[in-house]
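A structural walkthrough
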Amino acid sequence: DSGVTQTPKHLITATGQRVTLRCSPRSGDLSVYWYQQSLDQGLQFLIQYYNGEERAKGNILERFSAQQFPDLHSELNLSSLELGDSALYFCASSVVGFGNTIYFGEGSWLTVV
Amino acid sequence: AQSVAQPEDQVNVAEGNPLTVKCTYSVSGNPYLFWYVQYPNRGLQFLLKYITGDNLVKGSYGFEAEFNKSQTSFHLKKPSALVSDSALYFCAVRTSADRGSTLGRLYFGRGTQLTVWP
């Protein structure tokens, strides 16, 4: 158990809908990262937050947004869903410092039908 | 741009034989290297990392990896493979060149599927 908790584990929704994925980081970790894993694209970095502020952006679509709350949990919002958004979405967390490991949650499986 | 390459999509090895999963990287700045493993329908589990010091690092489940600066490689190895080692392995790198680098994100390779045959 990495200590990073993601909910829901599985989600099936229709095209055009909106979903929210939730992440609770490891205790003490101020930094949260979101990644998308799909068969054709591999692991894609989406966005990073540190102590409530956005710190880095990757290949995140405009239909997607995220935030980190004062209690440090984070949410990834996916809207106007398309079939191609079906993927495994990972949240990860870490403390400051190069040498510190980034720990991943079990992921949220999103299927868009 | 930072990048990680895992040249083999698939590695097959017989149980009891040594295994190697290859990784090369290209970054500006100093590299900090990681290996993760993903079992079917599971998340990414941390295996080991190289930060500084001894080029040979040891990790979980008997795995080790060797950092080679001149070849910009960080190959994962295990002296004797187990069937239970069958999984998807990812190499990843952080770099001191990233802005706000102490919080730097990981750059991943595309993964190598390891299959160990009994």
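Given the structure is predicted, the values throughout are model-derived calculations rather than measurements.

**Details of the interface of chain A and chain B**
Listed per partner, the contact involves 28 residues of chain A and 25 residues of chain B. In total, chain A and chain B occlude about 2200 Å² of area from one another, counting both sides; carbon and sulfur atoms represent 57% of this. Its largest share of buried area at the contact with chain B, chain A owes to Leu43, Phe98 and Phe104 of chain A, together 30% of the area lost on that side. Where chain A packs against chain B, one counts one salt bridge. The residue Arg42 of chain B makes a salt bridge to Glu106 of chain A at a minimum N-O spacing of 2.8 Å. At the junction of chain A and chain B, the tally comes to seven residue pairs in polar contact (both at pLDDT 80 or more). Contributing elements (two or more residues each) for the side of chain A that touches chain B: β4 (31-38), β5 (42-50), β9 (87-94) and β10 (103-104) of chain A. Sorting elements by how many residues they give to the side of chain A that touches chain B places β5 of chain A first, with five residues. Taken together, the residues of the side of chain A that touches chain B break down into 14 nonpolar, 11 polar and three charged.

**A look at the state of the cysteines**
Throughout this description, disulfide means a covalent bond between two cysteine sulfur atoms. According to the stated counting rule, one finds two disulfides over all chains in the structure shown. Through a disulfide, Cys23 of chain A is tied to Cys91 of chain A; the S-S separation comes to 1.8 Å. Since a negative S-S torsion denotes a left-handed disulfide, the Cys23 of chain A-Cys91 of chain A link at about -60 degrees is left-handed. Pair noted here: Cys23 of chain A is in strand β3 (residues 19-24) and Cys91 of chain A is in strand β9, with a separation of 68 residues, a long-range link. Cys23 of chain B shares a disulfide with Cys91 of chain B; S-S distance 2.0 Å. In this structure, the disulfide formed by Cys23 of chain B and Cys91 of chain B twists by about -65 degrees around the S-S bond and is classed as left-handed. A residue pair is termed long-range when its members are at least 10 positions apart, and Cys23 of chain B in the loop between β3 (19-21) and β4 (24-26) and Cys91 of chain B in strand β10 (residues 87-95) qualify at 68 residues. You'll find Cys23 of chain B and Cys91 of chain B in the same group, each marked buried.

**As for unusual backbone geometry**
Following Thr7 of chain A, the chain continues into Pro8 of chain A via a peptide bond in cis, with omega recorded as -10 degrees. You can see Pro8 of chain A is positioned in the loop between β1 (5-7) and β2 (10-13). For Leu72 of chain A, which is not glycine, the phi torsion reads 80 degrees and is therefore positive. Within the secondary structure, Leu72 of chain A sits in the loop between β7 (64-68) and β8 (74-78). Exposure remark for Leu72 of chain A: the relative accessible area of 16% places this residue in the buried category. Of note in the backbone geometry, Tyr61 of chain B takes a positive phi value of approximately 60 degrees without being a glycine. By the element assignment, Tyr61 of chain B lies in the loop between β7 (56-58) and β8 (64-68).

**So, the pattern of salt bridges**
Residue and element names in this part refer to chain A. With the rule as written, the count across this model stands at eight salt bridges over all chains. Residue Glu75 pairs with Arg22 through a salt bridge whose shortest N-O separation is 3.9 Å. Taken together, the residues Glu75 in strand β8 and Arg22 in strand β3 connect sequence positions 53 residues apart. Assessed through its relative accessible area of 18%, Glu75 is described here as buried. In this structure, Arg26 and Asp29 form a salt bridge, with 3.3 Å as the shortest nitrogen-oxygen distance. A relative accessible area of 28% means that Arg26 is categorised as partly exposed. Among the charged side chains, a salt-bridge network with shared partners connects Arg63, Glu82 and Asp85.

**Brief notes about the pairing of β8 of chain B**
Residues and elements named next belong to chain B. In this structure, β7 lies alongside β8, joined through three bridges in antiparallel fashion. Residue pairing for β8: Val57 is matched across the bridge by Ala65. Counting the residues in the hairpin turn of β7 and β8 gives five residues, including Tyr61, whose phi is positive at 60 degrees. Two strands pair when backbone bridges link them, and β8 and strand β9 (residues 73-78) are joined in this way by five bridges, in the antiparallel orientation. Residue pairing in the sheet places Phe67 in a bridge with Phe74 of β9. Taking the residues that link successive antiparallel strands as the turn, the β8-β9 hairpin has four residues, and the phi of Thr72 there is positive, at about 45 degrees.

Rules and cut-offs
- Along every chain, residues carry numbers that run from 1 in the direction the sequence is written.
- Chains and ligands are labelled sequentially in the order written, the chains with letters from A and the ligands with numbers from 1.
- The predicted nature of this model means local features are confined to residues of pLDDT at least 70 and side-chain atom pairs, given and counted, to a pLDDT of 80 or more, with totals for whole chains, interfaces and linings taken over all residues.
- Side-chain calculation: all heavy atoms of the structure are included, whereas hydrogens and water are not.
- Should any heavy atoms of two residues lie within 4.5 Å, those residues are counted as being in contact.
- Summed over both partners, buried area is the accessible surface (1.4 Å probe) that two parts give up on being assembled.
- Salt bridge, as applied in this entry: a Lys or Arg side-chain nitrogen positioned within 4 Å of an Asp or Glu carboxyl oxygen.
- Nitrogen and oxygen atoms within 3.5 Å of one another constitute a polar contact, given that in protein one can donate a hydrogen and the other can accept it, and given that sequence-neighbouring residues count only through two side-chain atoms.
- Each helix is a run of H or I in the DSSP string that is no shorter than four residues. Each strand is a run of E no shorter than two, and both are numbered from the N terminus.
- Under this grouping Gly is polar, as are all residues other than the nonpolar Ala, Val, Leu, Ile, Met, Phe, Trp, Tyr, Cys and Pro and the charged Asp, Glu, Lys and Arg.
- When two cysteine sulfur atoms lie within 2.5 Å, the pair is treated as a disulfide.
- The cut-offs for exposure are 20% and 50% of the maximum accessible area for each residue type, with area from a 1.4 Å probe on protein chains only; residues under the lower value are buried, those over the upper are exposed, and the others partly exposed.
- For two strands to be treated as a pair, DSSP must find no fewer than two bridges joining them.

Function cannot be inferred from these measures alone, as they are strictly geometric.
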